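Each chain, written out:
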Amino acid sequence: MKQKPGVCTFCGTGCGHFMMIQGGAVERVFPSQNHPVSKGRLCVRGWNIHELLNTPQIISGPLLKQNGQYRQVSYDEAVPYVAQKLKSFSPAAIGFLASPRATNEEQFLLMKLARAVFKTNNITLASESGHRNSLNVLAAATGMAGMTGSLAEISKAECVLVLGSDITKQNPIIGSEIHKAAQAGAHIITIDSRRTQMAKLSTQFLHVTPGSLKLAIAAIARCVVREGLINADFLRARTNGFEQCSASLL
Ligand code: SF4
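Sequence order as written defines the numbering, with residues in each chain counted from 1. With the structure being a predicted model, the display of local features is reserved for residues of pLDDT at least 70 and the display and counting of side-chain atom pairs for 80 or more, all residues being used for whole-chain, interface and lining totals. Remark: hydrogens and water are excluded; side-chain values derive from all non-hydrogen atoms of the structure.

Draft legend 1. Layout of the packing of aromatic side chains. Each Phe, Tyr or Trp ring (for Trp, its six-membered ring) is paired with any other whose centre lies within 6.5 Å, and the angle between the two planes then decides the class: stacked below 30 degrees, edge-to-face above 60, tilted in between. In total, this model carries two aromatic pairs according to the counting rule given. Both rings, one in Phe18 and one in Phe30, keep their centres 5.6 Å apart while their planes meet at 25°; by these two values the pair is stacked. One end of the pair, Phe18, is in strand S2 (residues 16-22); the other, Phe30, is in strand S3 (residues 25-31), with 12 residues separating them in the sequence. Taking 5.7 Å as the distance between ring centres and 45° as the angle between the ring planes, the aromatic pair formed by Phe96 and Phe118 counts as tilted. Of the two residues, Phe96 sits in strand S6 (residues 96-98) while Phe118 sits in the loop between helix H4 (104-117) and strand S7 (123-125), which places them 22 residues apart along the sequence. As far as the burial class goes, Phe96 and Phe118 line up, both buried. A run of H or I in DSSP counts as a helix once it spans at least four residues, and a run of E counts as a strand once it spans at least two, with each numbered from the N terminus. When accessible area is computed with a 1.4 Å probe and restricted to protein chains, residues below 20% of their type maximum are described as buried, those above 50% as exposed, and intermediate ones as partly exposed.

So, in structure tokens, the structure goes:
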């Protein structure tokens, strides 16, 4: 049986695993002990990812649709065919749609193909519609449309605020990092309309009505500003629009 390292792409955590391959099929997976994110752990989805890979519906190679019928073709036939077709369009007419299940490295290669070869910036992620607002806000506030902290910091935090996320289901390995922080004495606060597992394990749970998460955050921000529970010098030095933001809350 051959072993191949890989990354679980079921969620954005990106846990490291090894695939055990026999006869061209992944028979099972086991966690990579040295992976910097997962450190020898996988959640139940990660342990069973090979079941998905081995379903009969999986598309294992390129399919060419001709006369309304799909035909399995080799990459030697598919790649020149696609390249020829794409060459007949102007850069503005081509769009690239990336899969949220692809790894960062695969996304990077697709971006290179789009920008360097086809000279287009028309690239989007299939899951973007669900996250576009959050990404825009993060980019405006921090300059980066993604997390700016490191996962390794979570278990060392003294206080963790979980907002509107059923994290033990959505990103179980990150959820387990929060558990570690809780075991080390961190104060865990959950604000959610659902009584999630994390809510049950939290030091404090603010159970809001569905759709009122934004209001709850604004109310907390208002209270923090009004009662002076902020380091104003720190905020003035490192943020833009702090005064306007404070004024809008009061
Ligand atoms: S948390 Fe689970 S689903 Fe997400 S990457 Fe890790 S093993 Fe995969």
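There's plenty left to go through after this.
Draft legend 2. Structural view of empty space enclosed by the protein. Detection works on a 1 Å grid of protein atoms alone, calling trapped sets that fit a 1.4 Å probe cavities and calling open sets with protein on both sides within 12 Å along at least five of seven lines pockets, with lining residues defined by an atom within 4 Å of a point. Grid points are joined across faces, edges and corners, and a volume is the space filled by probe spheres set on the points. Within the structure shown, the criterion is met by one cavity of 30 Å³ or more. Along its surface, the largest cavity is lined by Cys8, Phe10, Cys11, Thr13, Gly14, Cys15, Leu42, Cys43, Arg45, Gly46, Pro172 and Ile173. Sorting the residues of the lining of the largest cavity by element identifies helix H1 (44-47) and helix H8 (172-183) as the ones contributing at least two each. Polarity classes work like this: nonpolar for Ala, Val, Leu, Ile, Met, Phe, Trp, Tyr, Cys and Pro, charged for Asp, Glu, Lys and Arg, and polar for all others, with Gly in that last group. Grouping the constituent residues of the lining of the largest cavity by class yields eight nonpolar, three polar and one charged.

Draft legend 3. Expanded view of the site of the ligand. Here a residue is near a molecule or strand as soon as one of its heavy atoms is found within 4 Å of it. Around the ligand, the structure places Cys8, Phe10, Cys11, Gly14, Cys15, Leu42, Cys43, Arg45, Gly46, Pro172 and Ile173. Placement in a cavity or pocket follows one criterion, namely that more than half of the molecule's atoms lie within 2 Å of its grid points. When atoms are counted within 2 Å of each cavity's grid points, the one that captures over half of the ligand is the largest cavity. Elements supplying a minimum of two residues to the shell around the ligand: H1 and H8. Partitioned by chemical class, the residues of the shell around the ligand number eight nonpolar, two polar and one charged.

Draft legend 4. Broad picture of the layout of surface pockets. The computed volume of the second largest pocket comes to approximately 600 Å³. What lines the second largest pocket is a set of 21 residues, and nearest its centre among them are Thr9, Arg101, Ala102, Thr103 and Glu106. The element best represented in the lining of the second largest pocket is H4, accounting for four residues. Residue composition of the lining of the second largest pocket, grouped by class: 12 nonpolar, six polar and three charged. Of the residues that make up the lining of the second largest pocket, three or more belong to each of domain 1 (2-53) and domain 2 (63-125). Reported domain spans reflect what an automatic or database domain assignment gives.

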